[in-house]
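Here is how the chains run, residue by residue.
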Amino acid sequence: MRDTTLVAELTNIGQELKDADAALKKAEETLDQLAKERETADRVADDLRIRASFADDLDRVLASVLQATSATASDSFIQTPSVVLSCNTADQTSVGGHNIDALPWLVKQGSARAAPVVRATGDRPTVVMPKERLGQSTELARRVVERSPETPLLPERPVSEVLGLPAERKSGSFLEHLRNRTEPLSSGDATLMARANECNCDLYVERGTADTAMIVSLGPPPRAESVFGSSRLVEKLVEAKPAARVLFAGFSREQVSALTYDAVRQTGEARHASGFLEKAIGRTKDLFRSAVDPVVSVLRLPMRPGKSAIVALSPDTVAARGRLAEMLAQRPGWRNAKVVGGSGEGSPPLFEVVFPKDGRKGTDLQSISVHVYGEKRDVVTAAELSARAKTTVSGLFKTDPVVAEAINRLAEQLERDTRVKEIEFFLRGVDSGRTVQLRRNRDTHALEEVAFDE
Amino acid sequence: MSDRSRERIAILLGLPVTRAEFYERAVDQQWDYGRKLLSGRSAAKAFEQVYEPVCTVAADLLRRAESEGVLVCRSARLQDLQSISRTHDVLVIVAHWRNFVVEDADLLEGWSVCLEQVTEDPVLRCLVDEITRRSGAAHAILNGSLGNARNLRERVVTAMNHLIETGKLVPFLPAAIGGVTTHNLITKTLSRDLLDDAFRGALRRGNQLELADDLHAVAAIHIAINPSFHGVVDLSCCTSSVLGTYLKLLRGDTLQVVMGDHLIVPAPQLRLIERTLELLMLQPSARYVDAKTVLAEGLGEWRRNRLTAS
């Protein structure tokens, strides 16, 4: 029994020794690390000391430091000097530091009835005071030391009130700006509906003040809405009915182009997300998949209300016409559609299947254009068709060979360099970008009619 | 070096663009973008796994800018924006936008005290109601008896994000915005501002642009841009329509702002800017906005064609 106890004790001692050894090694590592840091600090200190001690003009050094520190922005209201220049009076190459004995006192909770006292605990003073007065340790300690009579406590006041400052610090937030606005953002007026009614349109968009716009849907029933920010304005345009006639007032033509282009693009995205367009593309591909016309290309254009969403490129005019006729015969829902065009030369669309507005229920697809490129295949590219089909936003054209080449190079490089999962995400974002430049013509409220497919 | 006399373009890079800059920023606990990038990884690993492509493209951009005489301000600070907006016509700001989403690390010392004083603030009262609705007794949550401290923080953060996402704080927005509708990005931004204000400094503020020196509120960006600047501001940051709308609200027609509603990916975004500069070299009379727009449109179309083809 005694042997067992002894073994256990020895095991414990052995373990303690191991622990002590490990702790020692760790302490050694820490010391090594500290020594290295000290070495670096010494080097920096030496460098600074030499520079400062042998500087020609210490006033200039001090002035530079003060200038640099005063340039630093500070939110505080009390600006205390932050630089102390130490000089030697003796002929020595080092300057000593400044020791300030500021060991704070300990604060301990004492009896609620006993008066505050200051005691020495080791080499630190300790202030003992009632619990409810713990927050006043500085004042009480001073009074105890100075033996001054207790002054009646004033009710607590917020710091901002004492200093006569605004109640809250400025945050610089979006919300703060809106809170400080004296005028509401809404910009409608009594004559808005009258102006909208004169326009003979489905949707009337009038620019207001402060990045707002009034949108009047002429219904029935007519409805007005004030929107803030171009993002929301684009959303509202996307919500507009297909083929809606939209009139803009107070916007520049450039701005209208950008807004409508965004709306058109987002409409296409929405259709794409719902799978509608993909189904339509699939059906169109099926229609043209035949021995007669095996090389037809089916492309998707930006969705534009009332205009082609899909384009089929065929090298054979006769075959294309035949396939279109078949298509119309085979699709019961498309019986009311008709083929138009077909005689033009080089100016697409050569054929366009147009669906009447009230034709096929449940689809916004208005037409399918068929471009027969024949020998001009290298000329009629998807980019060119799209560029012709949609609003021109910028002063540069994608059809410009230099621009087209730049786009191709960029696309290829992105595809090569960017992670697969990132590229689609990025492209979707790029696709949503827009430029907003607002030039108001508020004096005249001149109406500028710009259709989606200007 | 070509002469870009028509437009003086400056690119302000608030993000690190070299390995050294990345490592330097990575040691800063306050680096908001870094917190997302690092997320428990070492700086070396985060750089290797995520950030290296950004620096590769940035190197190309720096070379291109130098050859085109375009100013690039690396590690851009607010005062750089201030000085450069005095001398340039086009400001391209590549930076991280700290958005409206509340994260655990945003809860600062004193946040629980704020929640205990809910009677003073209707927004906080709404938050406590939400916590109560989701988890039972608010008191039990606040005194931690429903779980450990970490669990408690998570619940509070989740409740805050729910309030922001669902628009439940909209009734507390100022009267100035009453009667107008706006994009949900703006609504969420303002909702986050409401929470930030209610917590009185105990919640790290959202909705700020992070430059190399710090995070900056929208007002600071507006103030930094010289009042006489009437050029183009290309906001190459995530959901830039928030800051863009704010600037348009204050500056109106004097600014042309390039912005979007989506998140962006830095490497391709820098590549797009780099290629925009290249196109400007090829088409010297073109404007920066036009060149970037046409490339972005072309990319969008390329994407749509690719989708169709597939």
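This section reports on the structure supplied with the text. Counting of residues starts from 1 at the beginning of each chain's written sequence and follows it residue by residue. Each chain gets a letter, beginning with A, and each ligand a number, beginning with 1, in the order they are written. Totals for whole chains, interfaces and linings use all residues, but because this is a predicted model, local features are given only for residues with pLDDT of at least 70 and pairs of side-chain atoms are given and counted only at 80 or more.

**Comments concerning the overall build of chain A**
- On a plain count of helices and strands, chain A comes out with 13 helices and 14 strands.
- Each residue is classified by how many other C-beta atoms fall within 10 Å of its C-beta atom, where C-beta atoms are placed from the backbone; a count of 20 or more means buried, 12 or fewer means exposed, and values in between mean partly exposed. Going through the 454 residues of chain A one by one, you find that 27% of them count as buried.
- Contacts in chain A between residues far apart in sequence, at least 24 positions, make up 52% of those at least 6 positions apart. Numbering goes from the N terminus for both helices and strands, where a helix is a DSSP run of H or I of at least four residues and a strand is a run of E of at least two. Here, residue contact means that the backbone-derived C-beta atoms of the two residues sit within 7 Å.

**Description of the overall build of chain B**
- The helix and strand inventory of chain B stands at 13 helices and nine strands.
- Counting all 310 residues of chain B, 50% fall into the buried class.
- In chain B, the share of contacts with a sequence separation of at least 24, taken over all contacts with a separation of at least 6, comes to 73%.

**Some words on helix H9 (residues 184-198) of chain B**
- With 15 residues, H9(B) should reach 21 Å at 1.5 Å per residue; the first-to-last C-alpha distance of 21 Å fits that figure.
- B:Arg200 lies just past H9(B) and shows a positive phi near 45°. Any helix carries an expected span of 1.5 Å times its number of residues minus one.

**A look at helix H6 (residues 122-135) of chain B**
- An ideal rise of 1.5 Å per residue puts 20 Å on 14 residues; H6(B) measures up with 20 Å between its terminal C-alpha atoms.
- Those residues of H6(B) that fall on the buried side of the exposure criterion are B:Leu124, B:Cys126, B:Leu127, B:Val128, B:Glu130 and B:Ile131.

**Focus: the sheet that holds strand E4 (residues 96-98) of chain B**
Residues and elements named next belong to chain B.
- If DSSP finds at least two bridges between two strands, the strands pair. An order of E4-E6-E7 is seen for the three strands of this open sheet, with the pairing classed as antiparallel. Where the open sheet ends on each side, the last strands, each with one partner, are E4 and strand E7 (215-217). Between one strand and the next, the sheet's axes are offset by a mean angle of 30°, whatever the strand orientation.
- Relative to E7, strand E6 (residues 208-210) is paired through three bridges, and the arrangement is antiparallel. When the bridges of E7 are listed, Gln208 appears paired with Ala217. The convention used is that axes are lines fitted to C-alpha atoms, helices contributing only their stretch in contact, and that angles between N-to-C directions extend from 0 to 180 degrees.

**Comments concerning the packing of H9(B) against helix H11 (residues 241-251) of chain B**
All names here are of chain B.
- With their axes 9 Å apart at the nearest point, H9 and H11 run at an angle of 85° to one another. Between H9 and H11, the interaxial angle falls into the category roughly perpendicular. Contacts between H9 and H11 involve Leu185, Ile186 and Thr189 on the former and, on the latter, Ser241, Val242 and Thr245.
- Charged means Asp, Glu, Lys or Arg here, nonpolar means Ala, Val, Leu, Ile, Met, Phe, Trp, Tyr, Cys or Pro, and polar covers whatever is left, Gly included. Among the residues forming the contact of H9 with H11, the class breakdown is three nonpolar, three polar and no charged. Note on terminology: angles under 35 degrees are roughly parallel, angles over 145 are roughly antiparallel, angles of 65 to 115 are roughly perpendicular, and the others are oblique.

**What to know about the pairing of strand E8 (residues 232-236) of chain B**
Residue and element names in this part refer to chain B.
- Of all five residues in E8, five are buried, a share of seventy percent or more.
- Burial along E8 is two-sided: the residues Val232, Asp234 and Ser236 and Val233 and Leu235 are all buried.
- Alignment of strand E3 (residues 90-94) against E8, held across five bridges, turns out to be parallel. Bridging across to E8, Ile93 finds its partner in Leu235.
- Both E8 and strand E9 (residues 256-259) contribute to a ladder of three bridges, which runs parallel. Pairing of Val233 across the sheet is with Val257, part of E9.
- One crossover worth recording links E8 to the parallel E9 by way of H11, and it is right-handed. By definition, the crossover connecting two strands over a helix is right-handed if that path, from the first strand to the second, turns clockwise as seen with the strands pointing away from the viewer.

**Notes on the nonpolar core**
Residue and element names in this part refer to chain B.
- Grouped together as the largest cluster of nonpolar side chains are 130 residues, with contacts concentrated most on Ile11, Leu12 and Leu295.
- Among the elements that take part in this core, helix H13 (residues 288-309) stands out by supplying eight residues, more than any other.
- When residues no more than four places from it in sequence are discounted, the contact partners of Ile11 are Ala65, Val70, Val72, Cys73, Val92, Val94 and Ile273. Only buried Ala, Val, Leu, Ile, Met, Phe, Trp, Tyr and Cys residues enter a nonpolar core, and they are joined through C-beta atoms within 7 Å.

**Brief notes about the pairing of strand E4 (residues 203-207) of chain A**
All names here are of chain A.
- For E4, the buried fraction is high: five of the five residues fall into the buried class.
- Residues of E4 alternate between two faces, with Leu203, Val205 and Arg207 on one and Tyr204 and Glu206 on the opposite face, all of them buried.
- Connecting E4 to the antiparallel partner strand E5 (residues 212-217) that follows it, the hairpin turn spans four residues, and Ala210 within it adopts a positive phi of roughly 50°.
- Relative to strand E7 (residues 246-249), E4 is paired through four bridges, and the arrangement is parallel. From the neighbouring strand, Glu206 faces E7, where its bridge partner is Ala249.

**Overview of the environment of A:Arg119**
Residue and element names in this part refer to chain A.
- Here Arg119 is to be found in strand E2 (residues 117-121).
- For the pair Arg119 and Leu106, spaced 13 residues apart in sequence, the C-alpha separation works out to 9.6 Å.
- The residues touching Arg119, leaving out its near neighbours within four places in the chain, are Thr126 and Val128.

**Examining the packing of helix H1 (residues 19-26) of chain B against helix H3 (residues 43-68) of chain B**
Residue and element names in this part refer to chain B.
- The interhelical angle for the contact between H1 and H3, taken along N-to-C directions, is 135°, at an axis separation of 10 Å. What the angle tells us is that H1 and H3 run oblique. Regarding H1 and H3, the two cross each other, and that crossing is right-handed. Each of Arg19, Phe22, Tyr23 and Ala26 in H1 lies in contact with H3, whose residues at this interface are Ala43, Phe47, Tyr51 and Cys55. The hand of a helix crossing depends on one turn: near helix anticlockwise from the far one by less than a right angle means left-handed, and clockwise means right-handed.

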